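Geometric and topological summary
The lines below spell out each chain.
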Amino acid sequence: MSVKGMPAAEVPVSPELVRQLLSDQHHDLAGLAIEVLANGWDNMVCRLGHDYLVRLPRRSLSAGLVVNEQRWLPGLAGHLPLPVPAPVRTGLPGRGYPWAWSVVPFLPGEIAAVTPPADPGEAALALGGFLRALHVPAPADAPVNRLRGIPLAGRTAGVMAQLPHLDDPAARAAAMRVWESATAAPEWNGPPVWLHGDLHPANILVDHGRVAAVIDFGDITAGDPATDLAVAWMALPASQREGFRRAYGRADYSTWTRARGWALALALVFLTHSADNPLMAGIGHRTLNAVLD
């Protein structure tokens, strides 16, 4: 499969920049140790002392996502059964850096993509219960995301562009059948519900073998719950998907069928854009295999 690398950073981001911004805007935190933890598609994340992380957008496309987290996540956090990184401090542009940024709590654990839960059945119940609590009707001014929460057919152009990159003709044909079935399912006809928008094993923390937190709400939006329910194929073995569905409690046949289509669409994105990110490529491969199984 031919793949591309992650999007490049549009502005230089570094621990030195973090220290300067903290000195200017949150002086009481500026003396804490700073260590880069991740440079993702959207953000650079630094550990700040023992208790915090700093998240800085790497590109303009993700700058608004941090603002959405700052506005909405603190209000949602108290209603969710798992911890989430609601910002505890917010930062403004400065020192030549053009966007808002956040200080969030450090949540212990390893990402599920590296350290899977010890008990997949327990994980299925935890994730299903988390999404049941999150997926409540959202207000009219909830963030709009042109790629997540939308009718599944809106992803067709991307899927059709990415399918030819699969090397195996049998896999391409099977994926096409899944996509046709998923897009033929009736669209979501309920109210737009709150969505994480990017729920996959690199955004789920596992601590002492158990699902401990859900992180990275940059794609928070409202719409079709099937977008998030794709995690059943992205993070769980086939034997535990029905337990997840029961814990969630309200995924009818059409929603479940669309969720499988969302898992396929996201797998293809990960496979197409992870030439320099083996972690995300691995999620893509495992998800594709789960969808086609």
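We now turn to the structure provided with this report. The shown structure was predicted, so the numbers you read here are calculated from the model rather than taken from an experiment.

Topic: the overall build of the chain
Check the secondary structure of the chain and you find ten helices and ten strands. For 293 residues, the compact-globule formula gives about 19 Å, and the C-alpha radius of gyration of the chain, at 19 Å, lands near that figure. Overall, the C-alpha framework of the chain stretches about 55 × 40 × 40 Å when taken along its three principal axes. Relative to its full complement of 293 residues, the chain shows a buried share of 53%. Excluding contacts between residues fewer than 6 apart, the proportion of contacts in the chain whose partners are at least 24 apart in sequence is 71%. Of the roughly 12,700 Å² that the chain leaves accessible, carbon and sulfur atoms contribute 56%. Here the chain holds 23 positive side-chain charges and 26 negative ones, and the gap between their average locations is 3 Å.

A look at the sheet that holds strand 4 (residues 89–91)
The pairing of strands in a sheet comes from backbone hydrogen bonds and takes either a parallel or an antiparallel form. Here we have five strands laid out as an open sheet, ordered 1-2-3-5-4, and antiparallel in their pairing. The outermost strands of the open sheet, each flanked by one partner alone, are strand 1 (34–39) and strand 4. The average undirected angle you get between the axes of adjacent strands in this sheet is 25°. Sheet topology places strand 2 (residues 43–48) next to strand 3 (residues 52–57); six bridges connect them, and they run antiparallel. When the bridges of strand 3 are listed, C46 appears paired with V54. Those strands touched by helix 1 (residues 15–25) are strand 1, strand 2, strand 3, strand 4 and strand 5 (101–105), and its axis lies near 120° from that of strand 1.

A few points about the sheet that holds strand 8 (residues 204–207)
A sheet is described by the order of its strands in space; here three strands give the open sequence 6-8-9, paired in antiparallel fashion. In this open sheet, the two strands that pair with only one neighbour each are strand 6 (110–111) and strand 9 (210–214). Against the sheet, helix 3 (residues 120–134) makes contact with strand 8 and strand 9, and its axis sits at roughly 25° relative to strand 9, the strand it touches most.

Definitions and cut-offs
Residues numbered from 1 in each chain as written. Predicted model: local features only at pLDDT ≥ 70, side-chain atom pairs only at ≥ 80, totals over all residues. Heavy atoms only, no water. Helix = DSSP H or I, 4+ residues; strand = E, 2+ residues; numbered from the N terminus. Rg over C-alpha atoms; globule rule 2.2 N^0.38 Å. Buried < 20%, exposed > 50% of the residue type's maximum accessible area, 1.4 Å probe, protein only. Contact = heavy atoms within 4.5 Å. Areas by Shrake-Rupley, 256 points an atom, 1.4 Å probe, with all protein chains shown as cover. Lys, Arg positive; Asp, Glu negative; His and termini not counted. Charge placed at Lys NZ, Arg CZ, Asp CG, Glu CD. Pairing = 2+ DSSP bridges. Axes fitted to C-alpha atoms, helices over the stretch in contact; angles between N-to-C directions.

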